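Descriptive structure summary
Now for the letters of each chain:
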Amino acid sequence: MKVKILSLISILLSFIFLSSLKTKNSPEVAKKPNIIFIAVDDLRPQLNCYGKNQIKSPNIDDLASVSYTYENAVCNFPVCGASRASLLTGLRPNKNRFKSFRTRMDVDADDVFTLGEWFKKNEYFTLSLGKISHHTNDSPESWSIPAWRAQKNWRDYQTKENLMAADTNNNNGAAKAFEVGENLMDNYADTKMVNKAIEKLNELTKKEQPFFMALGFLKPHLPFNAPKKYWDLYNEEDIELASNRFQPENAPNISMHKYGELRKYTNIPSDKNIQIADSTQKKLIHGYYACVSFIDAEIGKLVKHLKKLDIYENSIIVLWGDHGWQLGEHNLWAKHCNYQTSLKVPLLIKYPEQKKQKRINTVVELLDIYPTLCELSNIEKPKHLQGKSLLSINNTDPKNLNGYSKYLSGETVTSIENSYTEWRNRDNNLKANMMYDLINDPKENTNISKNKENLSAITIFQNLLDSVRSLD
């Protein structure tokens with residue numbers, strides 16, 4: 001299949017962007033609006049507002065109906081620590097920073113203002129509830145009061161069976177990969193976190209000071225623990241397994257992995273050469289869906305309270321996932337790869353007083369949230385930012401590249417038409433690459449990087465990657 005070379009050249013030269021955002025039809029920008037900043041761990045854009053119908057997510061869909069819905073948003077690193085550090089600092093990952101889930105902003109980028117710190121410096125009251133940065137005590141100067149989390153153990157088991165197994169197994173606190181929580185609704189950390197947010201909102205609305213409230217949901221991160229009522233929303237017999245449970249044709253082996261994150265759990269084969277049984281795969285997908293519906297209900301509870309306090313309409317609300325998640329596609333589970341299923345994320349931004357949904361097809365990065373919130377809040381952007389404001393048109397600078405993602409030595413450029421990934425050694429010599437036609441092969445089943453007619457397009461993508469590597 002011949003790639004649209006002219007389209008790719010336009011990506012290199014200008015990366016055409018959202019000029020419509022600054023038209024007379026754009027929502028009014030409040031001088032210093034309150035900001036509700038919602039992070040959801042491991043949330044893939046498999047939602048009704050993204051044209052899917054497998055997961056019941058009515059509250060997120062309602063929010064999307066009055067928000068900018070970014071249909072092609074990508075994370076900058078498909079693990080939580082590095083992805084969140086990149087977003088919260090406004091810096092891309094590179095060979096020296098943001099390299100794993102253990103990433104700390106105050107180690108890798110202590111010389112820049114984090115998103116929370118910048119808004120605090122600009123007269124906002126800032127607070128972090130739940131999982132925002134990977135480490136609760138990372139960059140504490142970001143928040144007006146200490147960051148707060150409900151759970152002692154991030155896996156958040158609540159059933160007696162799993163709690164006992166987690167205590168007795170020498171497996172870093174892991175028990176089963178999922179649990180059905182009967183009569184345990186108020187025990188789960190995400191419910192406690194929303195309850196805490198409601199409590200804080202009642203206090204914040206009595207202040208004159210604008211606030212930036214960051215809320216980080218644990219689920220649907222493994223283990224897939226959710227109250228039974230959300231499991232009951234789905235009939236497991238109706239759940240379909242991934243249709244492409246195979247390594248893509250001509251894909252390099254370096255693009256694959258043995259999903260070690262999932263294999264830590266006691267009901268999953270620890271031998272990396274053993275495939276997961278179909279029945280277990282269905283249970284895992286069922287659990288993932290239940291967790292998303294659980295989080296959706298908690299978001300609905302939060303939104304209902306924002307409306308009760310009469311601050312929903314005039315606030316900025318951002319909902320984002322820190323990276324995607326594999327549910328068996330390409331025989332992969334979890335994230336940790338450069339396929340779109342791990343890189344694509346949901347991103348919703350509701351402007352103050354916004355009444356209608358606006359769908360944006362342009363490829364954007366999580367890195368772009370920081371400068372966008374600054375511009376929406378009438379705050380000067382700090383000089384170090386490497387993303388672009390989603391209200392801006394300046395895309396000629398290489399630092400405003402759309403769709404850059406990195407995982408270990410693999411680097412990906414995502415455009416509307418293609419994804420291109422390459423792996424290089426320490427001497428910058430090409431080890432392997434892959435390219436997919438996202439129009440005709442959206443599930444990335446056939447690597448076309450070796451097709452001669454694509455060599456010119458690949459050169460353009462390589463120039464884009466070189467431009468990013470040249471940045472600090």
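See the structure shown above.
Notes on the structure follow.

How each quantity is defined
- Throughout, a residue's number is its position along its own chain's written sequence, starting from 1.
- Confidence filtering applies because this is a predicted model: local features only for residues at pLDDT of at least 70, side-chain atom pairs given and counted only at 80 or more, and all residues used for totals across whole chains, interfaces and linings.
- With hydrogens and water excluded, all non-hydrogen atoms of the structure serve as input to the side-chain values.
- Under the DSSP-based scheme used, a helix requires at least four consecutive residues in state H or I and a strand at least two consecutive residues in state E, with every element numbered from the N terminus.
- All radius of gyration figures rest on C-alpha atoms, and the globule criterion is 2.2 Å times the number of residues raised to 0.38.
- A 1.4 Å probe rolled over the protein chains alone gives each residue an accessible area, and that area as a share of the maximum for its type sets the label: buried under 20%, exposed over 50%, partly exposed in between.
- When checking whether two residues touch, look at their non-hydrogen atoms; a contact exists if any pair is within 4.5 Å.
- Grid points spaced at 1 Å over the protein atoms alone were grouped into cavities, where a 1.4 Å probe fits but cannot get out, and pockets, open sets with protein on both sides within 12 Å along at least five of seven lines, with lining residues defined by an atom within 4 Å of a point.
- Grid points are joined across faces, edges and corners, and a volume is the space filled by probe spheres set on the points.
- Put simply, Ala, Val, Leu, Ile, Met, Phe, Trp, Tyr, Cys and Pro go in the nonpolar bin, Asp, Glu, Lys and Arg in the charged bin, and everything else, Gly too, in the polar bin.
- When DSSP finds two or more bridges between two strands, those strands count as paired.
- Pairing of aromatic rings covers Phe, Tyr and the six-membered ring of Trp, with a centre-to-centre limit of 6.5 Å; geometry is then stacked below 30 degrees between planes, edge-to-face above 60, and tilted otherwise.
- Two conditions define a charge located above a ring, namely a distance within 6 Å from the ring centre to NZ of Lys or CZ of Arg, and an angle within 35 degrees of the ring normal.
- Each axis is a line fitted through C-alpha atoms, taken for helices only over the stretch in contact, and angles between the N-to-C directions span 0 to 180 degrees.
- We call two directions roughly parallel when the angle between them is under 35 degrees, roughly antiparallel when it is over 145, roughly perpendicular when it lies between 65 and 115, and oblique otherwise.

Moving on to the overall build of the chain. Broken down by element type, the chain carries twelve helices and 16 strands. Taking 472 residues into account, the globule formula puts the C-alpha radius of gyration at 23 Å, and the chain, at 21 Å, falls close to it. Taken over the C-alpha atoms alone, the chain extends approximately 60 × 55 × 40 Å along its principal axes. Put simply, the chain has 472 residues, and 61% of those count as buried. Counted over contacts in the chain with a minimum sequence separation of 6, partners at least 24 positions apart contribute 72%.

Taken as a whole, the largest pocket spans an internal volume of roughly 1,100 Å³. Lining the largest pocket are 35 residues; nearest its centre among them are Arg 44, Gln 46, Lys 52, Glu 329 and Lys 443. Mapped by element, the contributors of at least two residues to the lining of the largest pocket are strand E2 (68-74), helix H9 (278-308), helix H10 (340-343) and strand E12 (358-365). Split by residue class, the lining of the largest pocket holds 14 nonpolar, ten polar and eleven charged. In this model, the second largest pocket occupies a volume close to 700 Å³. What lines the second largest pocket is a set of 29 residues, and nearest its centre among them are Phe 101, His 134, Trp 154, Glu 261 and Lys 264. In the lining of the second largest pocket, the residues fall into nine nonpolar, ten polar and ten charged.

Moving on: the pairing of strand E11 (residues 347-350). Because side chains alternate across E11, one face comprises the buried residues Leu 347 and Ile 349, and the other comprises Leu 348 and Lys 350, equally buried. Two strands pair when backbone bridges link them, and E2 and E11 are joined in this way by two bridges, in the antiparallel orientation. The residue bridging Tyr 68 from the neighbouring strand is Ile 349, located in E11. Bridge count between strand E7 (residues 316-321) and E11: four bridges; the pairing is antiparallel. Residue pairing across strands places Leu 319 opposite Leu 348, the latter belonging to E11.

Between two aromatic rings, the relevant description is the distance of the centres plus the angle of the planes. Counted by the stated rule, this structure contains 18 aromatic pairs. Aromatic pair Tyr 68 and Tyr 351: ring centres 4.5 Å apart, planes at 35°, arrangement tilted. Placement of the pair is Tyr 68 in strand E2 and Tyr 351 in the loop between E11 and E12, with a sequence separation of 283 residues. Comparing Tyr 68 with Tyr 351, the two get one shared label, buried. Members of the aromatic cluster, each reached through a chain of ring pairs, are Phe 37, Phe 119, Tyr 124, Phe 212 and Trp 320. A cation sits over an aromatic face here: Lys 307 above Tyr 312, 4.9 Å from the ring centre.

Our next topic: the packing of helix H7 (residues 189-204) against H9. For the pair H7 and H9, the least separation of the axes is 10 Å and the interaxial angle reads 10°. In terms of their interaxial angle, H7 and H9 are classed as roughly parallel. Residues Asp 190, Thr 191, Val 194, Asn 195, Ala 197, Ile 198, Leu 201 and Asn 202 of H7 touch H9, and the partners they reach there are Phe 294, Ile 295, Glu 298, Lys 301, Leu 302, His 305 and Leu 306.

A few words on helix H11 (residues 369-376). Among the eight residues in H11, eight count as buried, and that is most of the element. For H11, the complete set of buried residues consists of Ile 369, Tyr 370, Pro 371, Thr 372, Leu 373, Cys 374, Glu 375 and Leu 376. Downstream of H11 by a residue or two, Asn 378 has a phi angle that is positive, lying close to 60°.

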